[in-house]
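# Residue-level structure breakdown
Chain residues, written in single-letter form:
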Amino acid sequence: MTYDFRPTIAEAEARIGPEVSDPSPLALGAVTRAWDAPKPRPVAKNWIRDFYSDLVTDFACTATGFDRDGRPCFTNSLPSGRAQFTNLEVGLYSDPGLHGTAPLQMLNGRRLLVPERLRRPTVVAQGGHTKLCTHSTPLVSTEHNGRLGYGRFAYRFALLNMQQGCWPAGWQLCLPHYRWPNCEQDTVEISFNQPDPASVLPYQTNWWGVAGTGGSKEGQFVDIERLLPNFRYDEPHTYWSEWTPKYMAFGIDEILTFSVPNRFFLVNPADLKDPNRVFMMLQIALGGAGGNTENGFYPMAPSAWVPGAPAMLVEHMAHYAMPL
C-alpha cells in the first residue's frame, strides 16, 4: 500500500471539546497567552485507555527495543541515534550495558530517570558527524512496543532537584525520522536554564511542516501561577496533549492550557500500521535549551541516586484512544 506523507492543513477552528469552540487559539507566531480563567478538561468518558506503563510492572528497556525473549519493549535511545546534533545537547542517550551508566533506577517503588556525568567523555558518530558527549541522558521510548493514534497522551511525573542544564520532556514522534517536523508533538518540555527553578515555565508545542525544513510550530509557555496555584515541580503532575482530526490540545493535570488546529493527520485511523501513528518518550535531555550543565550538580556515572541530585520520578505514561 502506498501512503501520501504530504501534510494537510486543517480548515476547522481549534476546539476545546466536542461541543465548545476555543474562542482564542494561539495565533501563528505567538509565544504565550494566558486564559481568562482555568478551563477544566478531564479525559473524555468514552476515550479508552489502550496503553499504560508505570515503568515498573513487566518493564524492560534495552538498547534494541526487544527483550531477551525477542518481544518488543522500551528502548533507551532516539530513533536517530544516541545523541542530538542540532540543538547543543551534551548528553549521551545511554544504555547501562553499553556505557556503564545508571540512567534508570528505583525510589520508593517508582521508576527514577537519572542524569549523570560521564567518567570519560564519549564521542558519538552519526550521519558523517561526530559529537563529544560529557553526560549521560536517561530516556525511555515506546518506539518498538506500540504506535498510537488519535487520543490523549499523558505523562505523570515529579521532577526532583532540577539543576541548570536539565531539559526534561514528554513527547511524541512519528517515523521515519527524516520526515521531521511531521510530526513532533511536545506534550511538555521544561528548560531549567535559570538559577532559580521557580522562574522556569513548562512549554508545550505542536510542530509540522515540510520534511527537511526548519518546520513550523505553535507553542506556549504555561502560565502556571495563574492556572495552577501552588504548583511545584517536585510534586507529581500529569502533563497531557490531545491529538484529534480537528485540534491539538494541551494541558497540565485537568486544566486545559491551550489548543490549536491539528495539522498532521492519520491516513486511516483504524489501521494499526498507519505510518503516521506516533510513539511516546520520557527523558531528561542535558544542555541545549536546558542551559549549562557546568552550573549544576551531576553525580559521576555509574552511581546510585543521592538526595540533592536531579532526577525524574515517574508514576506512569499512558494513552487514551479517541473513539473512531
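Reading the values: the criteria
Residues numbered from 1 in each chain as written. Predicted model: local features only at pLDDT ≥ 70, side-chain atom pairs only at ≥ 80, totals over all residues. Heavy atoms only, no water. Helix = DSSP H or I, 4+ residues; strand = E, 2+ residues; numbered from the N terminus. Buried < 20%, exposed > 50% of the residue type's maximum accessible area, 1.4 Å probe, protein only. Contact = heavy atoms within 4.5 Å. Areas by Shrake-Rupley, 256 points an atom, 1.4 Å probe, with all protein chains shown as cover. 1 Å grid on protein atoms, 1.4 Å probe; cavity = no way out; pocket = protein on both sides within 12 Å on 5 of 7 lines; lining within 4 Å. Points joined across faces, edges and corners; volume = space filled by probe spheres on them. Nonpolar A, V, L, I, M, F, W, Y, C, P; charged D, E, K, R; others polar. Pairing = 2+ DSSP bridges.

## Here we look at the overall build of the chain
A tally of helices and strands in the chain yields 2 helices and 20 strands. Counting every position in the chain, which comprises 324 residues, the buried fraction comes to 55%. At a minimum sequence separation of 6, the contacts of the chain that also span at least 24 residues come to 69%. Taken as a whole, the chain presents about 14400 Å² of accessible surface, with 54% of it coming from carbon and sulfur.

## Some thoughts on the layout of surface pockets
Reported here for the largest pocket is a volume of approximately 1000 Å³. Residue lining of the largest pocket: 38 residues in total, with Q84, T86, N87, W180 and E184 positioned closest to the centre. Mapped onto the lining of the largest pocket, the elements with two or more residues apiece are β12 (166–174), β13 (184–189), β14 (203–208), β15 (216–221) and β19 (278–286). Each residue belonging to the lining of the largest pocket can be placed in one class, and the counts come to 18 nonpolar, 15 polar and 5 charged.

## A look at the pairing of strand β18 (residues 255–261)
Most of β18 sits inside the fold, with 7 of its 7 residues counted as buried. Where strand β1 (residues 39–40) and β18 come together, 2 bridges link them in antiparallel fashion. Each bridged residue has a counterpart across the sheet, and for P40 the counterpart in β18 is I255. Relative to β18, strand β17 (residues 247–252) is paired through 6 bridges, and the arrangement is antiparallel. Within β18, the position partnered with G251 by the bridge is L256.

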